[in-house]
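# Summary of the model geometry
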Amino acid sequence: MCRVIKFEPMKKRIAQLQEQLVRERLDGIIISGLNNIRYLCGYTGSNGMMVVTRRAAVFYTDFRYQEQIKTEVRGCDKKILERDLYSSFPVAELRRMLGGKRTPRLGVEEGNLSLARFRMLRRQLKGFRLIPVRDLVLELRRRKSRSELARMQRAQEITEQAFNRALRLVKPGITEQDLALEIEFYFRRFGEPAFPSIVASGENGAKPHARAGVRRLKKGDAITFDIGCRYQGYCADMTRTVFLGRPDPELRRVYEAVLQAQQEALGAMKAGVPCKFVDLVAREYLNQQGLGQFFGHSLGHGVGLEVHEQPALARTSRQVLEPGDVVTVEPGVYLPGKGGVRIEDMVLVTSTGIRNFTKADKELLII
Ligand code: ZN
Ligand code: ZN
């Protein structure tokens, strides 16, 4: 039977970037970020560069990827360079692509280009104006396609399966590391960990970004799992806090407050709502509960090919939620010396509200 393989709309993505070039008054751009390159042409290797002008797009890599790119890279020309991509930049070809335009304005990705590489480019690109740009491709990456959403949903399912397996192992004496290892072993069957797993127990829970360590679980601990699988390139991100034995009354109260703060924020979300407003909804609720000072990070972030993408659900954000955004909503309260609670879901923003990818229970769980 003939199976139809549906390709990502690479040509369309490149065309959208070309429209942005016009808007930004750029004649071309050098794409250095590997996830941006993957988004634009499908390449998954570790050495690559893309040059996109208003009319053309070329992907460059080295000999090692010659075979891989035959089928993988789509929607643009592809070339193998004999030497390092940046120290022997294809200047003559770029000039041809630009049709001999004088002092072309060429964007470079300031967040993805080392200073050493920037200097190499500047030495070779005489007569060009190099313009540092931010977030052009990240803006495009916000609006997830149906196939991207399907991958993210699968990534989330795997994450929850791993979480459920780990819960069965929670008992006094087991270390945080053992639990993280179990989770990541499971991820490896399907993909890879999207980020180093956080398993933070007892007083470690007061550190929002604690790594899983050698601490052994004890009765009375709150245990925060912040985990995510990366499946076919796309990340999941979820946090749950569970209790081993009867919770401390203060932490129980904190748990209910964090959960309510999250529910209120989720209820306030839909396309068109300013990101900072969603952050404020959760923050105000925790302030009312006298816990605001213990919620020191922003409410959430976009997720996709990377675990931290646009937009930011933060007090300082000037972004507005758009249909197709996938973002996390993760209020947390951290009591120094005592422990912490964070609850994180990953949701799709729609024109009328949200679709929540995260199905794992949020009722207070005592093991
Ligand atoms: Zn997380
Ligand atoms: Zn997160």
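Scroll up for the structure.
Cut-off values and rules
- Residues numbered from 1 in each chain as written.
- Chains lettered and ligands numbered in written order.
- Predicted model: local features only at pLDDT ≥ 70, side-chain atom pairs only at ≥ 80, totals over all residues.
- Heavy atoms only, no water.
- Helix = DSSP H or I, 4+ residues; strand = E, 2+ residues; numbered from the N terminus.
- Rg over C-alpha atoms; globule rule 2.2 N^0.38 Å.
- Buried < 20%, exposed > 50% of the residue type's maximum accessible area, 1.4 Å probe, protein only.
- Contact = heavy atoms within 4.5 Å.
- Donors = N, O, S within 2.8 Å, 3.2 Å for Na, K, Ca; no water.
- Tetrahedral: all angles 85-135°; square planar, octahedral: opposite > 155°, others 65-115°.
- Core = buried A, V, L, I, M, F, W, Y, C linked by side-chain atoms within 4.5 Å.
- Pairing = 2+ DSSP bridges.
- Phe/Tyr/Trp six-rings, centres within 6.5 Å; stacked < 30°, edge-to-face > 60°.
- Lys NZ or Arg CZ within 6 Å of the ring centre and 35° of its normal.
- Polar contact = N/O pair within 3.5 Å; in protein donor to acceptor, adjacent residues only side chain to side chain.
- Axes fitted to C-alpha atoms, helices over the stretch in contact; angles between N-to-C directions.
- Parallel < 35°, antiparallel > 145°, perpendicular 65-115°, else oblique.
- Nonpolar A, V, L, I, M, F, W, Y, C, P; charged D, E, K, R; others polar.
- Right-handed = clockwise from strand over helix to strand, strands pointing away.

## A few points about the overall build of the protein chain
Counting its secondary structure elements, the protein chain contains 10 helices and 19 strands. Here the C-alpha radius of gyration of the protein chain, 23 Å, is about what a compact globule of 367 residues would show, namely 21 Å. For the protein chain, buried positions account for 56% of its 367 residues. Across the protein chain, every contact between residues at least 6 apart in sequence was considered, and the portion connecting residues at least 24 apart equals 68%.

## As for the coordination of the zinc ion (ligand 2)
Looking at the zinc ion (ligand 2), one finds its protein donor set to be Asp237 (OD), His301 (NE2), Glu330 (OE) and Glu344 (OE), positioned 2.1 to 2.2 Å from the metal centre. Relative to the metal, the 4 donor atoms surrounding the zinc ion (ligand 2) lie at angles of 76 to 149 degrees, and the coordination shape comes out irregular. Read from N- to C-terminus, the donor residues coordinating the zinc ion (ligand 2) fall into the pattern D-x63-H-x28-E-x13-E. Between the zinc ion (ligand 2) and the zinc ion (ligand 1), a separation of 3.1 Å is found, and both are coordinated by aspartate 237. Of this pair, aspartate 237 sits in the loop between strand E11 (234-235) and strand E12 (238-243) while histidine 301 sits in strand E13 (residues 300-302), and the two are 64 residues apart along the sequence.

## What to know about the coordination of the zinc ion (ligand 1)
Every protein donor of the zinc ion (ligand 1) is accounted for by Asp226 (OD), Asp226 (OD), Asp237 (OD) and Glu344 (OE), and the metal-donor separations fall at 2.0 to 2.6 Å. If you look at the zinc ion (ligand 1), its 4 donor atoms make angles of 55 to 150 degrees with each other, and the shape they trace is irregular. Along the chain, the residues donating to the zinc ion (ligand 1) fall in the pattern D-x10-D-x106-E.

## A closer look at the nonpolar core
Within the largest apolar cluster, 63 residues are counted, with the highest numbers of intra-cluster contacts made by Leu17, Met50, Phe59 and Phe225. Top element by residues in this core is helix H7 (residues 146-167). It accounts for 8 residues. Judged by nonpolar contacts, the second largest core, of 33 residues, contains Tyr255, Ala257, Ala271 and Val347.

## Points about the pairing of strand E16 (residues 332-335)
Consecutive side chains of a regular strand alternate in pointing toward one face of the sheet and then the other. Neither face of E16 is exposed, since Gly332 and Tyr334 on one face and Val333 and Leu335 on the opposite face are all buried. In this structure, E16 lies alongside strand E17 (residues 339-342), joined through 4 bridges in antiparallel fashion. Its bridge partner being in E17, leucine 335 is matched across the sheet by glycine 339. The antiparallel pairing of E16 with E17 creates a hairpin that spans 3 residues between the two strands, and glycine 337 there sits at a positive phi of about 80 degrees.

## Topic: the environment of glycine 228
Its location among the elements puts glycine 228 in the loop between strand E9 (222-227) and strand E10 (229-231). In this structure the C-alpha to C-alpha distance between glycine 228 and threonine 53, which are 175 residues apart in sequence, comes to 36 Å. When neighbours within four sequence positions are excluded, glycine 228 is seen to be in contact with Thr159, Phe187, Glu192, Pro193, Ala194, Phe195, Ala236 and Asp237.

## Some words on the packing of aromatic side chains
Under the counting rule described, the total for this entry stands at 5 aromatic pairs. With centroids separated by 6.0 Å and ring planes inclined at 65 degrees, the aromatic side chains of phenylalanine 243 and tyrosine 255 adopt a geometry described as edge-to-face. On the criterion of sequence distance, the pair formed by phenylalanine 243 in strand E12 and tyrosine 255 in helix H9 (residues 249-267) is long-range, its members being 12 residues apart. No difference in accessibility class separates phenylalanine 243 from tyrosine 255, as the two residues are buried. Taken together, the ring pairs in this structure connect Tyr43, Phe59 and Tyr65 into an aromatic cluster. Sitting above the plane of the tyrosine 39 ring, arginine 13 keeps its charged end 4.0 Å from the centroid. Against the face of phenylalanine 190 rests arginine 154, its NZ or CZ located 5.4 Å from the ring centre.

## A short note on the sheet that holds E10
As a general point, the strands of a sheet are linked pairwise by backbone hydrogen bonds and lie either parallel or antiparallel. With respect to topology, 3 strands assemble into an open sheet ordered E7-E10-E11, the strand pairing being antiparallel. Each edge of the open sheet is held by one strand with a lone partner, namely strand E7 (192-193) and E11. Both E10 and E11 contribute to a ladder of 2 bridges, which runs antiparallel. Bridge assignment links arginine 230 to a residue of E11, and that residue is cysteine 235.

## What to know about the side chain of asparagine 356
Mapping asparagine 356 onto the fold places it in strand E19 (residues 354-356). Using a relative accessible area of 18% as the deciding quantity, one classes asparagine 356 as buried. In terms of polar contacts, asparagine 356 uses its side chain to reach the side chain of aspartate 345, at 2.9 Å. At 2.8 Å, the side chain of asparagine 356 forms a polar contact with the backbone nitrogen of threonine 358. Setting aside chain neighbours within four positions, we find asparagine 356 in contact with Leu266, Asp345, Met346, Val347 and Lys362.

## Comments concerning the packing of helix H1 (residues 10-23) against helix H2 (residues 34-41)
Packing of H1 against H2 leaves a shortest axis separation of 7 Å and a crossing angle of 120 degrees. On the basis of their axis angle, the class for H1 and H2 is oblique. Along the contact surface, H1 presents Met10, Arg13, Ile14 and Leu17, while H2 presents Arg38, Tyr39, Leu40 and Cys41. The residue makeup of the contact of H1 with H2, split by class, is 6 nonpolar, no polar and 2 charged.

## Considerations on the pairing of strand E4 (residues 77-80)
Judged from the 4 bridges that link them, strand E3 (residues 57-61) and E4 form a sheet pairing that is parallel. The residue bridging tyrosine 60 from the neighbouring strand is lysine 79, located in E4. Between the parallel pair E3 and E4, the chain is carried across by helix H3 (residues 66-72), and the sense of this crossover is right-handed.

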